[in-house]
Amino acid sequence: MKVCVVTLFEGLVLAVSEHGVLGRAVERGLVSVDTVDPRAFATDVHRTVDDRPYGGGPGMVMRVEPLRTAIAQARRRVGGQRPKTIYLGAAGQPLTHEVAVRLAREPALVLVSGRYEGVDQRLLDVEVDEELSIGDYVLSGGELAAMVLIDAVARLLPGALGNAASAGSDSFVDGLLDWPHYTRPEAVDLGDGEVAVPEVLLGGNHAAIERWRRKQALGRTWARRPELLQGLTLSDEDRQLLSEYQAEQA
Ligand code: SAM
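Residues numbered from 1 in each chain as written. Predicted model: local features only at pLDDT ≥ 70, side-chain atom pairs only at ≥ 80, totals over all residues. Heavy atoms only, no water.

Structural notes on the overall build of the protein
Step number 1: Looking only at helices and strands, the protein has 10 helices and 9 strands in total.
Step number 2: In summary, the protein has a C-alpha radius of gyration of 23 Å against a globular reference of 18 Å for 250 residues, an excess of more than 25%.
Step number 3: Dimensions of the protein, computed from the C-alpha atoms along their principal axes, are close to 70 × 40 × 40 Å.
Step number 4: The buried share of the protein, taken over its 250 residues, is 40%.
Step number 5: Look at the contacts in the protein between residues 6 or more apart in sequence, and 75% of them connect residues 24 or more apart.
Step number 6: With the model as given, the accessible surface of the protein reaches about 14,300 Å², and the carbon-plus-sulfur share is 51%.
Step number 7: If you average the places of the 27 positive and of the 36 negative side-chain charges in the protein, the two averages end up 6 Å apart. (Helix = DSSP H or I, 4+ residues; strand = E, 2+ residues; numbered from the N terminus. Rg over C-alpha atoms; globule rule 2.2 N^0.38 Å. Buried < 20%, exposed > 50% of the residue type's maximum accessible area, 1.4 Å probe, protein only. Contact = heavy atoms within 4.5 Å. Areas by Shrake-Rupley, 256 points an atom, 1.4 Å probe, with all protein chains shown as cover. Lys, Arg positive; Asp, Glu negative; His and termini not counted. Charge placed at Lys NZ, Arg CZ, Asp CG, Glu CD.)

Description of the pairing of strand S1 (residues 2-6)
Step number 1: For S1, a buried count of 4 out of 5 residues is recorded, marking the element as mostly surrounded by other parts of the structure.
Step number 2: Examined bridge by bridge, S1 and strand S2 (residues 32-36) share 5 bridges and lie parallel to one another. Paired with Val6 across the strands is Val36, a residue of S2. (Pairing = 2+ DSSP bridges.)

Considerations on a nonpolar patch on the surface
Step number 1: On the surface, a cluster of nonpolar side chains totalling about 440 Å² of accessible area is made up of Phe9, Leu12, Tyr137, Leu139 and Leu144.
Step number 2: With respect to the helices, strands and loops of the structure, Phe9 is situated in the loop between S1 and helix H1 (10-14). (Patch = residues over 30% accessible without salt bridge, like charges linked within 9 Å, V, L, I, M, F, W, Y side chains within 5 Å. Salt bridge = Lys/Arg side-chain N within 4 Å of Asp/Glu carboxyl O.)

As for the pairing of strand S5 (residues 84-94)
Step number 1: Where S5 meets strand S6 (residues 108-113), 5 bridges bridge the pair, whose relative direction is parallel. Considered in S6, the bridge of Ile86 is made with Leu111.
Step number 2: In this fold, S5 hands off to helix H4 (residues 97-103), which returns the chain to S6; that crossover is right-handed.
Step number 3: For S5 and strand S7 (residues 130-133), the ladder comprises 5 bridges, and the chain directions are parallel. Note that in S7 the partner of Leu88 across the bridge is Leu132. (Right-handed = clockwise from strand over helix to strand, strands pointing away.)

A closer look at the pattern of salt bridges
Step number 1: Going through the model one piece at a time under the given rule, you end up with 16 salt bridges.
Step number 2: Residues Asp236 and Arg239 are paired through a salt bridge, measuring 2.6 Å at the closest nitrogen-oxygen approach. Taken as a pair, Asp236 and Arg239 lie in helix H10 (residues 236-249) at a separation of 3 residues, close to a single helical turn.
Step number 3: What makes Asp236 exposed here is its relative accessible area of 61%.
Step number 4: Beyond isolated ion pairs, a larger network of salt bridges with shared partners links Arg211, Lys215, Glu244 and Glu248.

Some details on the environment of Pro66
Step number 1: Looking at the element boundaries, Pro66 is found in helix H3 (residues 64-78).
Step number 2: The class for Pro66 is buried, based on a relative accessible area of 4%.
Step number 3: In sequence terms Pro66 and Ile134 are 68 residues apart; their C-alpha atoms lie 25 Å from each other.
Step number 4: Beyond its immediate chain neighbours, meaning those up to four positions away, Pro66 contacts Pro38, Phe41, Ala42, Thr48 and Val49.

Observations regarding the site of the ligand
Step number 1: Around the ligand there are 20 residues in total, and Tyr87, Leu88, Gly114, Tyr137 and Leu139 lie nearest to it.
Step number 2: Leu88 has a polar backbone atom sitting 2.5 Å from an oxygen atom of the ligand.
Step number 3: Notes on the ligand: free accessible area 580 Å², of which the protein chains cover 82%.
Step number 4: When residues of the shell around the ligand are traced back to their parent elements, those giving at least two are S5 and S7.
Step number 5: Along the lines of polarity and charge, the residues of the shell around the ligand split into 10 nonpolar, 8 polar and 2 charged. (Near = heavy atom within 4 Å. Polar contact = N/O pair within 3.5 Å; in protein donor to acceptor, adjacent residues only side chain to side chain. Nonpolar A, V, L, I, M, F, W, Y, C, P; charged D, E, K, R; others polar.)

Everything listed is a geometric property; what it means functionally is a separate question.
In structure tokens form, the structure reads like this:
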């Protein structure tokens, strides 16, 4: 997958491709991350990319030009006539696991990061296929949102994760939150006496471990994000596990 981000802060965005899972995915040629700075296409001496908002009010708005030229350049960089073009914006649809799965099927993405009060709506109406938000809060710019999107999508690409199975149990993949994880030592004193790892995880009984993990995933989803359960059809066994979890909490 080829990704090109239109941004005033290229260094910030490129850092996402230098570390961890994404860094390895780039090394393996599974994904490439490129940037285009709209300022490079500004024609005035000050390289202006913004202007005052019509109707008055505070802040500045990113102008249609040179952003439009920058988007065209980004499209050429990733190859192809009209790669999916996404504007990262607080007013967009939520970026969810399902959206990330859908985007992971695209051969190329152009991501547009806004700054200031945002981008002239006429550009978004014509050049952008969808607007995505990473949460109900306002960032100073779309770069961090673009990085979040790239990370969430790239880790879904076949071969991106060292152990492909690890993505299968991640939160949201099957609609549930992940179960809790533990590693050595078996007991640890955090200042209030020793806390042990749940015993079932030490016994080597794989069926019992699977059952415990499923119960924890169901229970934590019920306790923390009950709305996620509304969209799921639980099996009889799931319902049994959930009532066991609820009974244990009571
Ligand atoms: N006036 C805009 C609003 O209230 O929605 C906020 C503009 S914000 C200061 C500047 C840029 O940050 C936006 O153009 C957008 O690209 C990005 N941004 C802010 N919050 C975001 C979010 N939750 N998700 C994605 N991008 C966001």
